[in-house]
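# Residue-level structural notes
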Amino acid sequence: MSDPAIVLLLERLLVAIEGLRADLAARTPAPPPAPEPEGLLTAKQAAGFLRMSESWVYQHAESGELPCIHLGGALRFDPGELRAYARGEPVRQATVLPLAR
C-alpha cells in the first residue's frame, strides 16, 4: 500500500530534521554560570556549595581542616576559601570573631 517514493521522501525528511536538530544543539549557547554566593555562607550553604553533608562540614570545620569563621557561637564560611580548599590549595585556620556585648 505504501508508495516507495513517499517512503523515500519521508526518510529524507527525517534525516534533514535530525541534521537541523544537531545544528540547533550546536548553536544553543551554554547556560550562564551559577551566580557566585555573596557574603559568608552558613554551614548548610557551605555543605551545598561543597556537595557534602552538613555534618561533614561541621566535623571538618571544628577539626580545623575546613576554613571557617566563628561568629560568637555560629560558624560561617567564605566562598573563596572554600573554593581554595576544594582545589587543594593551602587555607588559613579558623578565625574567631567575638561578638560585642
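Model, not experiment: these values are computed from the prediction. (Residues numbered from 1 in each chain as written. Predicted model: local features only at pLDDT ≥ 70, side-chain atom pairs only at ≥ 80, totals over all residues. Heavy atoms only, no water.)

### Some details on the nonpolar core
In terms of nonpolar packing, the biggest core is built from 14 residues, with Trp56, Val57, Leu66, Phe77 and Leu82 touching the most fellow members. Those elements giving two or more residues to this core turn out to be α2 (43–50), α3 (54–62) and α4 (79–86). The leading source of residues in this core is α2, at 4 residues. If we ignore the near neighbours within four places in the chain, the residues touching tryptophan 56 are Leu50, Leu66 and Tyr85. (Core = buried A, V, L, I, M, F, W, Y, C linked by side-chain atoms within 4.5 Å. Buried < 20%, exposed > 50% of the residue type's maximum accessible area, 1.4 Å probe, protein only. Helix = DSSP H or I, 4+ residues; strand = E, 2+ residues; numbered from the N terminus. Contact = heavy atoms within 4.5 Å.)

### Some details on the pattern of salt bridges
Throughout the structure, instances matching the rule amount to 2 salt bridges. Glutamate 18 is the salt-bridge partner of arginine 21, the closest N and O atoms lying 2.9 Å from each other. Here arginine 21 pairs with glutamate 18, and both are found in helix α1 (residues 4–27), just 3 residues apart, close to one helical turn. According to the relative accessible area criterion, arginine 21 is exposed, its value standing at 54%. We note a salt bridge from arginine 87 to glutamate 89, for which the minimum N-O separation is 2.8 Å. (Salt bridge = Lys/Arg side-chain N within 4 Å of Asp/Glu carboxyl O.)

### Observations regarding unusual backbone geometry
A positive phi is found at arginine 51, a non-glycine position, where the angle reads about 60°. Examined against the element boundaries, arginine 51 turns out to sit in the loop between α2 and α3. Given the relative accessible area of 71%, arginine 51 is considered exposed.

### A word on the packing of α2 against α4
It is the contact of α2 with α4, at a shortest axis distance of 11 Å, that shows an interaxial angle of 40°. Taken together, α2 and α4 sit at an angle that is classed as oblique. Seen from above, α2 lies across α4 with right-handed handedness. Taking contact as the criterion, the partners of Ala46, Phe49 and Leu50 in α2 are, on α4, Pro79, Leu82, Arg83 and Ala86. (Axes fitted to C-alpha atoms, helices over the stretch in contact; angles between N-to-C directions. Parallel < 35°, antiparallel > 145°, perpendicular 65-115°, else oblique. Left-handed = near helix turned anticlockwise from the far one by under 90°.)

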